[in-house]
Amino acid sequence: QKEVEQDPGPLSVPEGAIVSLNCTYSNSAFQYFMWYRQYSRKGPELLMYTYSSGNKEDGRFTAQVDKSSKYISLFIRDSQPSDSATYLCAMKTGSARQLTFGSGTQLTVLP
Amino acid sequence: EAQVTQNPRYLITVTGKKLTVTCSQNMNHEYMSWYRQDPGLGLRQIYYSMNVEVTDKGDVPEGYKVSRKEKRNFPLILESPSPNQTSLYFCASSSMSGAKNIQYFGAGTRLSVL
């Protein structure tokens, strides 16, 4: 069983929809949780960063962490065609430098 | 502009022919890392380096070598490439200060081994 599970999609939504992307994990030592966005033919770029449980909002994006359920989510409100990308969750323990990534969810927002 | 630069972006080679993929960062980061990305498997770490002359294996190091002779450069070496090393490779770097370890990625190198 992988340490981090992520539904690969693909996920296709109409413009303006609310998108929910999710990851589950098995290692209870993970404390830092990230979402990376990867456009086609590009490297991943950091989108959201959260520490421990709770919500974090940045514009149209909200990252949510539920450590009791070992479940993290990324919500995108008022989705735009420019949001079309692969979204990767990543996480790490407190002291480690190494990140553990999910396999990524491919999202397409249709105009 | 802060960036991680990988070269080449695309490479087709044959089994057994040694190759090197270069990686350079201009952010004075201590930590550098190589990943491979395969469909359904996500990003898997090959090797990482926490500073000059300090390297260590990641999750999938077999068939790869690295070196860190200078802080800015972290080349990935395939001494005898095989078809199962056909993949998309990413170099990343981050600062060692603080706990966050926000990694900055290069644009990727798509390697095909025939």
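Residues numbered from 1 in each chain as written. Chains lettered and ligands numbered in written order. Predicted model: local features only at pLDDT ≥ 70, side-chain atom pairs only at ≥ 80, totals over all residues. Heavy atoms only, no water.

Caption draft 1: Local environment of the overall build of chain B. When helices and strands are counted, chain B shows zero helices and eleven strands. For chain B, the sequential pattern of α-helices and β-strands runs β-β-β-β-β-β-β-β-β-β-β. Projected onto its principal axes, the C-alpha coordinates of chain B cover approximately 40 × 30 × 25 Å. A total of 114 residues make up chain B; the buried ones form 49% of that total. For chain B, the proportion of contacts with a sequence separation of at least 24, taken over those separated by at least 6, is 54%. Accessible surface computed for chain B: about 5400 Å², of which carbon and sulfur atoms make up 52%. (Helix = DSSP H or I, 4+ residues; strand = E, 2+ residues; numbered from the N terminus. Buried < 20%, exposed > 50% of the residue type's maximum accessible area, 1.4 Å probe, protein only. Contact = heavy atoms within 4.5 Å. Areas by Shrake-Rupley, 256 points an atom, 1.4 Å probe, with all protein chains shown as cover.)

Caption draft 2: Seen up close, the interface of chain B and chain A. Taken together, the contacts link 24 residues of chain B with 19 residues of chain A. Taken over both partners, the interface formed by chain B and chain A buries close to 1800 Å², and the fraction arising from carbon and sulfur atoms is 52%. Taken together, the connections running from chain B to chain A amount to zero salt bridges. At the boundary of chain B with chain A, the tally comes to five residue pairs in polar contact (both at pLDDT 80 or more). Tallied by class, the residues present in the side of chain B that touches chain A amount to twelve nonpolar, nine polar and three charged. (Buried area = accessible area lost by both parts, 1.4 Å probe. Salt bridge = Lys/Arg side-chain N within 4 Å of Asp/Glu carboxyl O. Polar contact = N/O pair within 3.5 Å; in protein donor to acceptor, adjacent residues only side chain to side chain. Nonpolar A, V, L, I, M, F, W, Y, C, P; charged D, E, K, R; others polar.)

Caption draft 3: Fine view of the sheet that holds strand β1 (residues 4-6) of chain A. All names here are of chain A. Taken in spatial order, the five strands line up as β1-β3-β8-β7-β6 in an open sheet, and their pairing is antiparallel. Lying at the two open borders of the sheet, with one neighbouring strand each, are β1 and β6 (54-58). Neighbouring strand axes in the sheet, compared pairwise and without regard to direction, differ in orientation by 15° on average. When strand β7 (residues 61-66) meets strand β8 (residues 71-76), the two strands line up antiparallel, connected through six bridges. Looking across to β8, one finds that threonine 62 is bridged to phenylalanine 75. (Pairing = 2+ DSSP bridges. Axes fitted to C-alpha atoms, helices over the stretch in contact; angles between N-to-C directions.)

Caption draft 4: A look at the state of the cysteines. A full pass over the atoms with the stated rule returns two disulfides over all chains. Here A:Cys23 connects covalently by a disulfide to A:Cys89, the sulfurs 2.0 Å from one another. Between A:Cys23 and A:Cys89, the S-S torsion sits near -100°, and that sign places the bridge as left-handed. Taken together, the residues span a long stretch of sequence, with A:Cys23 in strand β3 (residues 19-25) and A:Cys89 in strand β9 (residues 85-93) at a distance of 66 residues. Taken as a pair, A:Cys23 and A:Cys89 share a single burial class, namely buried. Across the disulfide from B:Cys23 sits B:Cys91; the S-S distance is 1.9 Å. (Disulfide = S-S within 2.5 Å.)

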